[in-house]
Amino acid sequence: PDTSIELYDSKGLEVKDADNWTQQIVKELEEKSRLDFTERYHTIFYCISAQKKIESYEEKTLKELQKAADQPIHVILTHCDNMADDKLEERERCLKEKISKTLCIYRITSIDKTKRGGATIKKSGREEVVDGVFNLLWQDVISIMADKVADCLLYTSPSPRDGLLSRMPSSA
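About the criteria used
- Residues numbered from 1 in each chain as written.
- Predicted model: local features only at pLDDT ≥ 70, side-chain atom pairs only at ≥ 80, totals over all residues.
- Heavy atoms only, no water.
- Phe/Tyr/Trp six-rings, centres within 6.5 Å; stacked < 30°, edge-to-face > 60°.
- Lys NZ or Arg CZ within 6 Å of the ring centre and 35° of its normal.
- Pairing = 2+ DSSP bridges.
- Helix = DSSP H or I, 4+ residues; strand = E, 2+ residues; numbered from the N terminus.
- Axes fitted to C-alpha atoms, helices over the stretch in contact; angles between N-to-C directions.
- Contact = heavy atoms within 4.5 Å.

J.: What am I meant to see in the packing of aromatic side chains here?
T.: The description of an aromatic ring pair uses the distance of the two centres, along with the angle that the planes make with each other. For the structure shown, the criterion picks out zero aromatic pairs. A cation over an aromatic ring shows up here: lysine 32 above the ring of tyrosine 41, its NZ or CZ 5.3 Å from the ring centre.

J.: Got a minute to help me understand the sheet that holds strand 3 (residues 104-107) in this structure?
T.: Within a beta sheet, neighbouring strands are joined by backbone hydrogen bonds and run either parallel or antiparallel to one another. With parallel pairing, the three strands of this open sheet are ordered in space as 1-2-3. Strands at the two margins of the open sheet, each flanked by one partner only, are strand 1 (45-49) and strand 3. In this sheet, neighbouring strand axes are inclined to one another by 25° on average, regardless of whether the strands run parallel or antiparallel. The pairing of strand 1 with strand 2 (residues 74-78) spans five bridges and is classified as parallel. Directly across from isoleucine 48, in strand 2, lies its bridge partner leucine 77. The strands touched by helix 3 (residues 85-98) are strand 1, strand 2 and strand 3; relative to strand 3, the strand with the most contacts, the crossing angle is about 160°.

The structure is reproduced here in structure tokens:
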């Protein structure tokens, strides 16, 4: 079967316009969440340089997006090739503590790089992102379908057997 994936990109978040940008995105997320499964946003990526401290306006934005999206946000840590693992682990821990334990955080190195000392850093992270997105998409599908089935069961008329039991006189 033919399957299409639509990707949307927002303009970059700047401190001077952070509140307006966040409100626009939150409004869009809330509107899309009321639509049919095929019209919803299923994945949200938020890119942060691993080398820079997360700003308070970014924390606020991530918290609001997390709440409005009603799904985990995928945080992409870029520029991971220039940071030690312990520093990256600290950054991830800090993000989860400040924003949400459900954040999905991925380390991305987009190109192979040879450092001055001769060490080679291979591009990495793409497969983890793809796997994580598809796993969450399946969870989303299962959750939505379970809700639809539950709604159908709630509105299904009783079976004839159930009707007979409920009509029995109390003296019987």
